[in-house]
Amino acid sequence: MHVDGFRFDLASILARDSSGQRMSNPPVLWDIESDPALAGTKIIAEAWDAAGLYQVRSFVGDSWREWNGRFRDDCKQLLPRRR
């Protein structure tokens, strides 16, 4: 069975070091995207974390795609509420 992709919730936590500081070039993100077993697999980041690091449009890596929660929330406001 082939998996088309992975979505990493709160993925910005992977861009922090052991003391919680943001790393400019986190090795784990590069390791994930360069893993040969994941070649051709969609890798999607929820580009923020619970501590407030928001990295939409600045998430590290070449293969990562980002889930934009603010855009999603704005679109939801345009939809009529279901009852």
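Residues numbered from 1 in each chain as written. Predicted model: local features only at pLDDT ≥ 70, side-chain atom pairs only at ≥ 80, totals over all residues. Heavy atoms only, no water.

**Q** Teacher, can you tell me more about the confidence of the model for the chain here?
**A** The pLDDT averaged across the chain works out to 91; a share of 98% of its residues lies at or above 70. Helix α2 (residues 69-78) is the least confidently modelled element of the chain, averaging 87 in pLDDT, while helix α1 (residues 27-34) averages 95, the highest of any element. (pLDDT = per-residue confidence, 0-100. Helix = DSSP H or I, 4+ residues; strand = E, 2+ residues; numbered from the N terminus.)

**Q** Hey, could you run me through the sheet that holds strand β1 (residues 5-8) in this one?
**A** Think of a sheet as strands paired side by side through backbone hydrogen bonds, with each pair either parallel or antiparallel. Overall, parallel pairing links the three strands, which are arranged β1-β2-β3 in an open sheet. Of all the strands in the sheet, just β1 and β3 (64-67) have a single pairing partner and so form its edges. Here the strands of the sheet are splayed against their neighbours by 25 degrees on average, with no regard to which way each runs. With four bridges joining them, β1 and strand β2 (residues 42-46) adopt parallel strand pairing. Among the inter-strand pairings, Phe6 is bridged to a residue of β2, identified as Ile43. Most of the contacts of α1 go to β3, to which it runs at about 110 degrees, and overall it touches β1, β2 and β3. (Pairing = 2+ DSSP bridges. Axes fitted to C-alpha atoms, helices over the stretch in contact; angles between N-to-C directions. Contact = heavy atoms within 4.5 Å.)

**Q** Please explain α1 as it appears in this structure.
**A** In an α-helix, one turn spans 3.6 residues; hence positions three or four apart end up facing the same way. Within α1, the full set of buried residues consists of Leu29, Ile32 and Glu33. The arc that holds the buried residues of α1, viewed along the axis, is 90 degrees, so those residues lie on one side. Those residues of α1 that are exposed and angled more than 90 degrees off the buried face are Asp31 and Ser34. (Buried < 20%, exposed > 50% of the residue type's maximum accessible area, 1.4 Å probe, protein only. Arc of directions from axis to C-beta.)

**Q** I would appreciate a short explanation of the packing of aromatic side chains in the present structure.
**A** What describes a pair of aromatic rings is the distance from one ring centre to the other and the angle between the planes of the rings. Inspection of every chain in the model, using the stated rule, returns three aromatic pairs. Measuring from ring centre to ring centre gives 5.9 Å for Trp48 and Tyr54, while their planes differ by 20 degrees; the resulting arrangement is stacked. Here the basic side chain of Arg7 rests over the ring of Trp67, its NZ or CZ set 4.7 Å away from the ring centre. In this arrangement the basic side chain of Arg70 is found over the ring face of Tyr54, its NZ or CZ atom lying 3.8 Å from the centre. (Phe/Tyr/Trp six-rings, centres within 6.5 Å; stacked < 30°, edge-to-face > 60°. Lys NZ or Arg CZ within 6 Å of the ring centre and 35° of its normal.)

**Q** Looking at this model, I keep getting lost on α2. Mind explaining?
**A** A small share of α2 lies buried, amounting to one of its 10 residues. The N-capping residue of α2, defined by a side-chain oxygen 3.2 Å from the backbone nitrogen of Arg70, is Asn68. (Polar contact = N/O pair within 3.5 Å; in protein donor to acceptor, adjacent residues only side chain to side chain.)

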